[in-house]
Amino acid sequence: MPRRWVAAVACLLALAALACEEGGGATPRPTPGGSTPTGLPGSMAALGDSITTGFGSCLVLTSCQRNSWSTGDGIRVDSHYQRLLDAGAPVRGRARNHAAPGARADALAGQAGAAVRDKADYVTVLIGANDACRDDIDRMTPAATFRTEVDRALRVLRDGRPKARVLVTSIPDLNRLWEVGHTESRAVRVWKAGICPALLANPTSDAPADRARRTRFADRIDAYNTQLKAACRAYGSRCRYDGGAVHRVRFSLDEVNALDWFHPNVAGQNRLAEVTFTAAGWRL
């Protein structure tokens, strides 16, 4: 039996039992702030870049929000939104995706402002790939600047929705993409058109300069992840970091789309949802 039907039957049985015990069939009223008595959110929002918009997961190179690991409402991805729905959270129709293709950390505060206007009880953040994926390795966002922008966005959330839960995820190991794809001729052909040049330029080269560039790229991603962890800790108890779960994923080319060989496909989005949901800490 599909998991959602199982959850629905369980909920119906629970409500019936409650009616028998208390002599009534009223649904428990939400607590102030929009959450249910179990603490599950009544609304959510996603912040970030093209990864969170589901870019390229619908077989065209455009955003496909229904496949987002965070707020996706399609049938092919078991997103955070779907998992919360299955658990009985009253979030149906109240998940907003403010992520944008190409977004860097300096766009995060604006997205956070939109989440505040949504009155989101739960906010996911995945940002940083575009800060590293510049036209040239020397144009990568400095780690200190990255941290400043992330802190600015988190302040917007903390000031506007102090009781909301925030999940900050690590950045995927983009160097892994080069590792698994640089011998795949189709991927190399597409990457040469300008996909993440700071990392993927000259993808088949083993020259010292190209090896050094890839190492610098990996080091910058590590630095961003360190700053994301520290920014979440500085935010306080309402923020959870994924502990590096996304960065540790050893994904394969079967989990990226075959158009740009960069963004997660449906399988990749499911993998992201799986490894991050536990980190969010919801008691289901």
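The structure we're discussing is the one just above.
Figured I'd write up the structure that's included with this text.

Notes on the nonpolar core
Among the nonpolar cores identified, the biggest contains 49 residues, and L157 and F217 are the most heavily contacted of them. Among the elements that line this core, the one with the most residues is helix α9 (residues 208-235), at 7 residues. With sequence-adjacent residues up to four places away left out, L157 is seen in contact with L47, A112, A115, V116, V123, P162, V166 and Y235. M44, A95, Y122 and A280 belong to the second largest nonpolar core, which has 14 residues in total.

A word on the pattern of salt bridges
One pass over the structure, following the stated rule, counts 13 salt bridges. Here R139 ties to D135 by a salt bridge, and the two come within 3.7 Å at their closest N and O atoms. On the basis of relative accessibility, which here comes to 47%, the residue R139 falls in the partly exposed class. Overall, the relative accessible area of 60% leaves D135 in the exposed class. In this structure, E179 engages R250 in a salt bridge whose closest nitrogen and oxygen atoms are separated by 3.8 Å. Of the two residues, E179 sits in helix α6 (residues 174-181) while R250 sits in the loop between α10 (245-248) and α11 (266-280), which places them 71 residues apart along the sequence. Under the relative-accessibility criterion, E179 is labelled partly exposed at 38%.

A look at the state of the cysteines
A complete count under the given rule lists 3 disulfides for this structure. Through a disulfide, C58 is tied to C64; the S-S separation comes to 1.7 Å. C232 shares a disulfide with C239; S-S distance 2.1 Å. Handedness of the C232-C239 disulfide follows from its S-S torsion of about -120°: it is left-handed. The exposure class of C232 is buried, given its relative accessible area of 2%. For C239, a relative accessible area of 9% puts it in the buried group. Disulfides within the chain link the bonded cysteines, taken in sequence order, as 1-2, 3-4, 5-6.

Description of the pairing of strand β4 (residues 165-168)
A two-sided burial pattern is seen for β4, the buried positions comprising R165 and L167 on one face and V166 and V168 on the other. The pairing of strand β3 (residues 122-126) with β4 spans 4 bridges and is parallel. Following the sheet pairing, V123 is matched in β4 by V166. Bridge count between β4 and strand β5 (residues 239-241): 3 bridges; the pairing is parallel. What sits directly across from L167, in β5, is R240.

What to know about the sheet that holds β4
In spatial order, the strands read β2-β1-β3-β4-β5; together these 5 strands make up an open sheet with parallel pairing. Because the sheet does not close on itself, it has two edges, and the strands there are β2 (95-97) and β5. Sheet twist, expressed as the average angle between the axes of neighbouring strands with direction ignored, equals 15°. Helix-sheet contacts for helix α3 (residues 108-117) involve β1 (44-48) and β3, and the interaxial angle to β1 is about 170°. Seen against the sheet, α9 touches β4 and β5 and runs at an angle of roughly 155° to β5.

Rules behind the numbers
Residues numbered from 1 in each chain as written. Predicted model: local features only at pLDDT ≥ 70, side-chain atom pairs only at ≥ 80, totals over all residues. Heavy atoms only, no water. Core = buried A, V, L, I, M, F, W, Y, C linked by side-chain atoms within 4.5 Å. Buried < 20%, exposed > 50% of the residue type's maximum accessible area, 1.4 Å probe, protein only. Helix = DSSP H or I, 4+ residues; strand = E, 2+ residues; numbered from the N terminus. Contact = heavy atoms within 4.5 Å. Salt bridge = Lys/Arg side-chain N within 4 Å of Asp/Glu carboxyl O. Disulfide = S-S within 2.5 Å. Pairing = 2+ DSSP bridges. Axes fitted to C-alpha atoms, helices over the stretch in contact; angles between N-to-C directions.

In short, the description is geometric, and any link to function would need to be established separately.
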